[in-house]
Amino acid sequence: MTMPCKLHRSDLVGCVGVDIGGQSTRIGTVLPNRTLKLISFCTQPDFDVQIDMLVDKIKLLGVDEIRRVGIGSPGPLDWKKTFVYDTPNLPWRNVSFKKLERKLGVEVLLDNDANVAGLGEATLGAGRGKRIVAGFTLGTGIGYFHIIDGHIYHGSLDVEAGHQILDPNGPECNCGQRGCLEAFVSATGIQRRYGVPPHELEDQGAWDDIALRLAQGLVNIALHTSAEVLVLCGGMLARGEMLLKPTRIYYEQMLQVYPKRYRPPVVTAKLGDRAGVYGAIVLAHVGHSGRA
Ligand SMILES: [Zn+2]
C-alpha cells in the first residue's frame, strides 16, 4: 500500500501510540479535534505490571474504538514477533507484547524507537510531504531510520547505519567494532573521548571534529538512500549551531556526486520529544509494509 505523502492528523483518530523509554512510558492518541492526548507513567521494572499499566492507561485515553496500537521501544527487537530482546536500556529481558494484544483485543505493532521517531518526523514533522526520508537520532546511541512512502524500511534484519565504520582504527564502539559513527558522535562516545557529556562540552574544536564525523555519516546515507531530505533528531540537537553549523559545512564540502540543487537538505526534527509517540500512532495507522 502506498501512503499519500501527506498524512493528516484526522486520519489517525482511533490509533494509539506508545513510546517506551528506560525512564518513562508515554501513550497518546489523536482526538477527533486533531489535538494530541498524552498520558505518561514511569516505566515499570516488572514487565507484567508494565502491561497492566498500559492496559489501564490506554483505557484512560477514552478512545471509542481502538483501531490498532503502535509501540516504539529500544531494541534489539523482532518487530515481526513484537518481541524485545535483552537490552541495556530497559529493565526487562526477552519479552513479548503479544500479551498486550490479548488483553486489549486489538493488533499491536512494535518497532525500534529510532524507526518510530523517524516515521513521526517523516509523516508529520520535518519530512512531511517527502516520499523518501532518512536520518539519525542523536542520543545515548545513534539510531537510524529510512522511511519510504510513509513506511519504515527494515532490510532483511534491520539497518544499522549508526554502526557504519568511519575509521577502522577509530575508537571502540559498544557493538564490538571500531570507529563506528556511534563511537564518534553518540553521547556515550563523546563522554568516553572528551570526558564530559555533550551538554557540558564547550570546546568548539571538539564539536568541529564530532560534526565532521556526523557529516560523513550523513553523506553516506545520502548516497545509499538518495533520500529527499535528511532529518536529525534527538537530545543532542540542544547544542544547536555548535554542532549543526559545522555539520552542514562539512556535508556540503564532502557530498559532490549530486549537483548542489539536488542534494538532500539536512534539517532538524520538528516534533521534539513527541516524535516517538506521534510515530507510534502513525505506525498503528499505516502498519508495517510488505517491503521487509
Ligand atoms: Zn558500533
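Our structure is the block above this text.
This one's a predicted model, so the numbers in the text were calculated from it and none came from an experiment. (Residues numbered from 1 in each chain as written. Predicted model: local features only at pLDDT ≥ 70, side-chain atom pairs only at ≥ 80, totals over all residues.)

Q: Just checking my understanding: could you explain the nonpolar core for this structure?
A: Counting residues in each nonpolar core, the largest one holds 77 residues, and the members touching the most others are I71, L218, L230 and I281. No fewer than three residues from each of domain 1 (9-113 + 274-286) and domain 2 (126-269) sit in this core. For L230, the residues in contact, after removing those within four places along its chain, are A134, G135, L218, I221, A222, P264 and V266. (Core = buried A, V, L, I, M, F, W, Y, C linked by C-beta atoms within 7 Å. Buried ≥ 20, exposed ≤ 12 C-beta atoms within 10 Å, placed from the backbone. Domains from an automatic or database assignment. Contact = placed C-beta atoms within 7 Å.)

Q: Got a minute to help me understand the sheet that holds strand 12 (residues 229-233) in this structure?
A: Hydrogen bonds along the backbone pair up the strands of a sheet, which may run parallel or antiparallel. As summarised here, the arrangement of the 5 strands in space is 11-10-9-12-13, forming an open sheet in which the pairing is mixed. Across the chains shown, the open sheet's two edge strands, defined by having one partner strand only, are strand 11 (151-152) and strand 13 (266-268). Strand contacts of helix 3 (residues 113-124): strand 9 (132-138), strand 10 (142-148), strand 11 and strand 12, with the helix running at about 45° to strand 10, the strand carrying the most contacts. Along the sheet, helix 6 (residues 204-225) makes contact with strand 9, strand 10, strand 12 and strand 13, crossing strand 9 at roughly 155°. (Pairing = 2+ DSSP bridges. Helix = DSSP H or I, 4+ residues; strand = E, 2+ residues; numbered from the N terminus. Axes fitted to C-alpha atoms, helices over the stretch in contact; angles between N-to-C directions.)

Q: Even after reading the chapter, I still don't get the sheet that holds strand 2 (residues 24-30), so can you show me in this structure?
A: Read from one edge to the other, the open sheet built from 5 strands follows the order 3-2-1-4-8, with strand pairing classed as mixed. On the outer flanks of this sheet lie strand 3 (36-42) and strand 8 (108-112), each paired with one strand and no other. Along the sheet, successive strands turn relative to each other by an average axial angle of 20°, direction set aside. Where strand 4 (residues 68-73) meets strand 8, 5 bridges bridge the pair, whose relative direction is parallel. Bridge pairing in strand 8 places I71 opposite L110. Set on the sheet, helix 3 makes contact with strand 4 and strand 8; between it and strand 8 the angle comes to about 100°.

Q: Can you help me understand the packing of helix 6 against helix 7 (residues 241-254) in this one?
A: Helix-helix packing: each pair is described by the crossing angle between the helix axes and the interaxial distance. Taken N-terminus to C-terminus, the directions of helix 6 and helix 7 make an angle of 45°; their axes are 7 Å apart at the nearest point. Classed by the angle they form, the pair helix 6 and helix 7 counts as oblique. The handedness of the crossing between helix 6 and helix 7 is right-handed. On helix 7, the residues that touch Q204, W207, D208, I210, A211, L212, L214, A215, Q216, L218 and V219 of helix 6 are M242, L243, P246, T247, Y250, Y251 and M254. In terms of residue class, the contact of helix 6 with helix 7 is made up of 14 nonpolar, 3 polar and 1 charged. (Parallel < 35°, antiparallel > 145°, perpendicular 65-115°, else oblique. Left-handed = near helix turned anticlockwise from the far one by under 90°. Nonpolar A, V, L, I, M, F, W, Y, C, P; charged D, E, K, R; others polar.)

Q: Is there a simple way to explain helix 5 (residues 187-194) in this structure?
A: Where helix 5 is concerned, the buried positions are A187, G189 and I190. The buried residues of helix 5 occupy one face: seen down the axis, they fall within an arc of 160°. The inward-facing, buried residues of helix 5 contact helix 4 (181-185) and helix 6. G195 lies just past helix 5 and shows a positive phi near 80°. (Arc of directions from axis to C-beta.)

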